[in-house]
Amino acid sequence: MLTGKQRSYLKGLANDLEAAVYIGKNEISENTLIEIDNYLTAHEMVKVKIQEGCLIAPKDAANAVAEKLGAEFVQAIGRRFVLYRENKDKKQIFIPR
């Protein structure tokens with residue numbers, strides 16, 4: 001569970017990220033989950049964009065994906081959301097305690 005200070009730090013890092021995964025009209029498919037999981041394993045943080053044709057709300061999508069993948073919800077702005085999951089083997093992001 002992230003503290004407010006940690007979440008704020010991650011939000012600052014997320015500003016520079018481009019969306020790496022897109023959710024389209026098929027909503028959250030198994031392939032989308034695999035793509036997000038692989039990206040989180042490699043980079044620890046991912047920004048996801050929801051396309052115009054998708055009917056799911058960004059916060060609902062973020063919470064569903066975070067729950068399935070064991071990630072932490074960082075933020076949702078507009079049609080984008082950010083997730084974080086620590087990789088203990090290949091730590092890249094050092095967040096304050």
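Scroll up to find the structure this text is about.
A brief structural summary. What you see is a predicted model; the values in this text were computed from it and never measured.

Focus on the environment of Glu67
Positionally, Glu67 belongs in helix H3 (residues 58-69). Remark: the alpha-carbon pair of Glu67 and Gly12, spanning 55 residues in sequence, is separated by 23 Å.

Concerning the environment of Ala19
Mapping Ala19 onto the fold places it in the loop between helix H1 (4-14) and strand S1 (21-23). Distance from Ala19 to Gly70, taken between C-alpha atoms, is 20 Å for residues 51 residues apart in sequence. Ignoring any residue separated from it by four or fewer positions in sequence, one finds Ala19 in contact with Lys47 and Lys49.

As for the sheet that holds strand S2 (residues 45-50)
With mixed pairing, the four strands of this open sheet are ordered in space as S1-S2-S4-S3. Strand pairing shows two members of the sheet lacking a second neighbour, S1 and strand S3 (72-77), which therefore form its edges. For this sheet, the mean inter-axis angle between neighbouring strands, taken without regard to orientation, is 25°. Running over the sheet, H1 touches S2, S3 and strand S4 (80-84) and is turned about 55° from S3.

Observations concerning the nonpolar core
The biggest cluster of nonpolar side chains holds 18 residues, and the ones touching the most others in it are Ile36, Val46, Val48, Phe81 and Leu83. Broken down by secondary-structure element, the contributors of at least two residues to this core are S1, helix H2 (30-43), S2, H3 and S4. Ranked by the residues each element gives to this core, the list is headed by H3, at five residues. Counting residues in hydrophobic clusters, the runner-up holds nine residues, among them Leu2, Val74, Val82 and Tyr84.

Brief notes about the layout of surface pockets
Quantified by volume, the largest pocket comes out at close to 210 Å³. For the lining of the largest pocket, the class distribution of residues is six nonpolar, two polar and five charged.

Overview of the packing of aromatic side chains
Applying the stated rule across the entire model yields zero aromatic pairs. Seen from the ring of Phe94, Lys91 lies directly overhead, with NZ or CZ sitting 5.6 Å from the centre.

A look at the side chain of Glu44
The residue Glu44 is located in the loop between H2 and S2 in this model. A polar atom in the side chain of Glu44 sits 2.9 Å from the backbone nitrogen of Asn87. In this structure the side chain of Glu44 is engaged in a polar contact, spanning 3.0 Å, whose partner is the backbone nitrogen of Gln92. With residues near it in sequence (within four places) discarded, Glu44 still touches Tyr39, Leu83, Tyr84, Arg85, Glu86, Asn87, Lys90, Lys91, Gln92 and Ile93.

Cut-offs and rules
- Residues numbered from 1 in each chain as written.
- Predicted model: local features only at pLDDT ≥ 70, side-chain atom pairs only at ≥ 80, totals over all residues.
- Heavy atoms only, no water.
- Helix = DSSP H or I, 4+ residues; strand = E, 2+ residues; numbered from the N terminus.
- Contact = heavy atoms within 4.5 Å.
- Pairing = 2+ DSSP bridges.
- Axes fitted to C-alpha atoms, helices over the stretch in contact; angles between N-to-C directions.
- Core = buried A, V, L, I, M, F, W, Y, C linked by side-chain atoms within 4.5 Å.
- Buried < 20%, exposed > 50% of the residue type's maximum accessible area, 1.4 Å probe, protein only.
- 1 Å grid on protein atoms, 1.4 Å probe; cavity = no way out; pocket = protein on both sides within 12 Å on 5 of 7 lines; lining within 4 Å.
- Points joined across faces, edges and corners; volume = space filled by probe spheres on them.
- Nonpolar A, V, L, I, M, F, W, Y, C, P; charged D, E, K, R; others polar.
- Phe/Tyr/Trp six-rings, centres within 6.5 Å; stacked < 30°, edge-to-face > 60°.
- Lys NZ or Arg CZ within 6 Å of the ring centre and 35° of its normal.
- Polar contact = N/O pair within 3.5 Å; in protein donor to acceptor, adjacent residues only side chain to side chain.

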